[in-house]
Structure formats: structure tokens, C-alpha cells
Amino acid sequence: MSNQQKHRIQVPDGLRDVLLEFSIAYLLEQPGDVIDYAVTFFTKLQEDRKSTMLTSAEPTSPDESIMSHDEEPLVNRYASRRKSVFAETYDPENDDEDEGARAIFPKTDEQRARLCDSVKNILLFRSLDKEQMNEVLDAMFEKIVQAKDYIIKQGDDGDNFYVIESGTYYAYVGEEQKHIHTYDNRGSFGELALLYNMPRAATIQAETDGKLWAMDRQTFRRILLKSAFRKRKMYEALLDSVPMLKTLQNYERMNLADALIPQTYVKGDRIIKQGDAADGMYFIEDGKVSIRIQQDTGEVEISNLGKGGYFGELALVTHRPRAASAYAVDNVKVAFLDVDAFERLLGPCMDIMKRNIGDYETQLVKIFGSKTNISDIR
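Residues numbered from 1 in each chain as written. Predicted model: local features only at pLDDT ≥ 70, side-chain atom pairs only at ≥ 80, totals over all residues. Heavy atoms only, no water.

- Looking at an unreviewed UniProt entry, one finds the protein chain named cAMP-dependent protein kinase type II regulatory subunit and attributed to Anopheles darlingi.
- Annotation of the protein chain in UniProt includes, under Sequence similarities (unreviewed entry), the sentence "Belongs to the cAMP-dependent kinase regulatory chain family." (UniProt positions renumbered as here; feature names shortened; annotations may be inferred.)

Shown next as C-alpha cells:
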């Protein structure tokens with residue numbers, strides 16, 4: 001079996017449908033916390049299913065639906081999607097599109113600054129590196145809208161993804177134009193139809209005059225989806241080289257790869273500071289990192305790490321301030337895992353990391369010549 005075949009996992013139709021239903025609901029409602037929202041969403045889905053099974057009559061045939069019109073899933077109420085939608089989704093692994101043909105829309109320094117400010121908190125762009133982010137900025141074009149303009153209409157094919165710079169926008173669904181969400185001078189919309197190659201799930205209308213930044217379907221897919229695919233493959237290879245992570249299942253490593261955020265540092269940069277509160281841990285993708293501890297005579301190097309090494313996990317395991325500082329020895333690329341993702345994804349590795357504390361203390365004894373406890377370092 002080839003590596004390409006190994007990565008092709010058949011996803012059951014039921015799982016596809018429920019994940020799409022959740023995605024539509026989340027993207028339309030834009031809640032503050034995705035985890036809390038997911039818990040509430042799936043709990044309600046389970047309760048609704050139990051209620052339906054208890055109150056509905058036995059179907060007269062295997063094909064007869066027991067779901068009432070009012071209980072019709074969000075995926076059907078909001079999208080009117082085609083049955084073949086998933087067969088049409090974008091496959092970045094088989095995309096041979098010439099990457100030399102890039103969309104570039106010239107911008108003044110003032111426009112680029114405004115665009116940077118508009119996209120800085122967009123979740124979809126979070127995992128892009130600096131080069132990819134510049135490509136996104138190049139590819140977006142400005143769209144001036146007036147009050148009552150329709151930006152997208154439910155049921156239409158998806159053409160662009162939009163980021164809001166200014167203005168108020170209402171999201172409506174259904175023939176009755178039910179108002180479900182308000183975008184107030186920030187946010188983004190339009191990604192759902194491009195991600196899943198499905199009709200627009202809602203109508204977006206400008207309530208006030210405003211400015212949007214748009215990106216066309218092909219550029220959106222090539223930059224965001226293909227870069228996400230490449231990022232996962234790259235980080236999967238990196239994580240495979242980390243001994244501590246051998247205990248993780250393949251799907252757990254895939255989830256971990258998706259959660260990593262690329263960061264770069266130049267020679268001499270301090271990546272973490274001894275005594276600071278911990279916000280995450282780091283995996284070294286390229287370059288070398290010096291780990292140093294502050295002593296009365298100055299900082300002392302206790303370790304020098306290269307590609308495949310990791311650091312910063314100690315404070316997360318012990319729930320104490322950083323026990324050492326880390327510096328870029330040369331230009332360094334790291335993959336950052338924030339504290340929330342660490343606690344969610346690295347549970348199976350916690351025992352190994354706790355055992356590593358003993359190894360650190362043994363290393364300190366060799367360096368300083370006396371019994372040293374990690375908890376004694378500040």
C-alpha cells in the first residue's frame with residue numbers, strides 16, 4: 001500500500017453530515033468559544049434524537065423519515081445542498097495547479113495597513129506563515145458596499161470569501177428571511193461555500209455603508225486549503241521524529257499537527273523567559289535553540305536542541321513559571337502549541353513528560369554538581 005493510499009480514510013456519510021451541520025451552525029452563529037459551543041450543540045443534537053425516537057411512530061418502510069419538518073437538520077434548512085457535494089470538494093493532494101499564476105491586486109501602503117488590521121484576528125489565517133500571509137494580502141481586493149446591498153444570496157454558488165473592514169451586515173436564512181446574525185465592523189463570511197463547494201448557506205446584506213476585502217474561490221482554495229494540507233503533512237513528519245509522541249495514535253498526531261502554529265525567530269531572539277507564566281510549548285522545525293538557567297554568575301546553558309527537539313512543556317506539566325529561558329542560536333523555525341491545545345491533545349504523553357522531569361534534574365546535578373530540584377529554579 002502506498003503512502004498516498006494510507007492517508008485516504010473513508011469517512012462515513014453520517015459523520016460527514018453531522019460535521020457539516022455543526023460547521024454551518026458554528027460559522028453562522030460565530031460563538032466565542034468553539035469547545036463550549038460544540039458541547040452545547042452535540043448535547044442538544046443527542047437530546048433531540050432521543051426525543052424523536054421516543055415520540056415518533058415506527059416507520060412504515062426503511063426509507064421513511066421519522067424527523068418532523070421543524071426538526072430538519074440545519075444542513076438542510078440553511079443550505080439546500082446537493083447530495084454530491086462532498087464528491088465535489090477540493091482535494092489539495094491532487095491539485096497540480098501552477099502556483100506561478102498568483103492573483104495580485106496592487107495596494108497603497110495605507111490600504112495594506114487597513115487590510116492587515118482587518119485580517120489579524122481571522123481564525124482561517126492563523127496557521128499561515130509570513131510568506132503565505134503576504135500572498136493572502138496580495139490576493140485580496142477591496143469592495144465598497146452601500147446600505148441594503150446584497151453581498152451574497154442563499155442558494156447561489158460561492159464566488160468570493162469576504163473579510164469585513166467596516167460596516168454592519170445582517171445574515172438571513174430561509175424564504176422568510178429570518179435574521180440569524182449581525183456582523184458589526186469585524187469578522188468574515190463566505191468560506192463555507194468555498195470549503196465544501198456547496199451553495200451559499202445564508203444571505204448577507206449590508207445594513208450600512210461599508211468596506212469589505214474579498215478573495216476569489218480559486219485563490220482561497222489554493223492558499224488556505226493547500227497550505228493547510230501541506231502544513232499538516234510537514235508537521236506530521238516533524239512529529240514522527242519526536243520520541244515522546246510515539247505513544248499517540250495516527251489520528252491524534254494529525255489533530256496535533258493541525259493545532260500547531262508556525263513561528264520564526266532570528267539569531268539571538270529570546271523565545272521564552274525564565275520566570276514567566278507558560279502559554280504553550282514548542283517543537284523545533286529548523287535551527288538550534290539554547291536552553292539557559294539564570295544563576296548568580298549569569299546564565300548557564302544546560303541544553304542545546306535541534307530539529308525534532310521540543311521545549312517549554314515543563315512549566316505546563318508542573319503548573320509553575322518557566323524554569324529556564326530559550327534563545328535562538330541561529331535562525332529558528334518552531335511549531336507552537338498553545339496551553340489549551342496542549343491540555344486537550346497531549347494527555348496520552350503526560351506520564352512521559354512527568355518522567356522527563358527526573359531526567360532534567362539529573363542533568364542539572366551534572367552541571368551544577370549538587371542535588372538540584374526543578375522547583376528550586378526561578
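Brief notes about the packing of aromatic side chains
At step 1: Overall, the coordinates contain nine aromatic pairs when judged by the stated rule.
At step 2: Consider the rings of F105 and F141, whose centres lie 5.2 Å apart with planes at 50°: the pair is tilted. With F105 in the loop between α4 (74–79) and α5 (109–119) and F141 in strand β1 (residues 141–145), this pair connects stretches of sequence that are 36 residues apart.
At step 3: With relative accessibility at 22%, the residue F141 sits in the partly exposed group.
At step 4: Taken together, the aromatic side chains of Y162, Y169, Y183 and F189 make up a single cluster linked through ring pairs.
At step 5: The ring of Y150 is capped by K153, whose NZ or CZ atom sits 4.9 Å from the centre of that ring.
At step 6: Sitting over the face of the ring of Y327, R292 holds its NZ or CZ atom 4.3 Å from the ring centroid. (Phe/Tyr/Trp six-rings, centres within 6.5 Å; stacked < 30°, edge-to-face > 60°. Helix = DSSP H or I, 4+ residues; strand = E, 2+ residues; numbered from the N terminus. Buried < 20%, exposed > 50% of the residue type's maximum accessible area, 1.4 Å probe, protein only. Lys NZ or Arg CZ within 6 Å of the ring centre and 35° of its normal.)

Quick look at the sheet that holds strand β5 (residues 178–184)
At step 1: With antiparallel pairing, the four strands of this open sheet are ordered in space as β2-β7-β4-β5. Two strands close off the open sheet at either side, each with one partner strand: β2 (150–152) and β5. Adjacent strand axes in the sheet meet at a mean angle of 30° when their direction is disregarded.
At step 2: Relative to strand β7 (residues 203–206), β2 runs antiparallel, the two sharing two bridges. Note on β7: the bridge partner recorded for I152 is I204. (Pairing = 2+ DSSP bridges. Axes fitted to C-alpha atoms, helices over the stretch in contact; angles between N-to-C directions.)

Details of a nonpolar patch on the surface
At step 1: A cluster of nonpolar side chains, L15, L19 and F42, forms an exposed patch at the surface whose accessible area comes to about 240 Å².
At step 2: The residue L19 is located in helix α2 (residues 13–29) in this model. (Patch = residues over 30% accessible without salt bridge, like charges linked within 9 Å, V, L, I, M, F, W, Y side chains within 5 Å. Areas by Shrake-Rupley, 256 points an atom, 1.4 Å probe, with all protein chains shown as cover. Salt bridge = Lys/Arg side-chain N within 4 Å of Asp/Glu carboxyl O.)

Observations concerning unusual backbone geometry
At step 1: The phi angle at K148 is positive, at roughly 80°, despite the residue not being glycine.
At step 2: By relative accessible area, K148 is classed as partly exposed at 48%.
At step 3: One non-glycine residue with positive phi stands out, namely N185, at about 65°.
At step 4: Locating N185 in the fold gives a position in the loop between β5 and β6 (188–189).
At step 5: Take N185: its relative accessible area is 40%, and that puts it in the partly exposed class.

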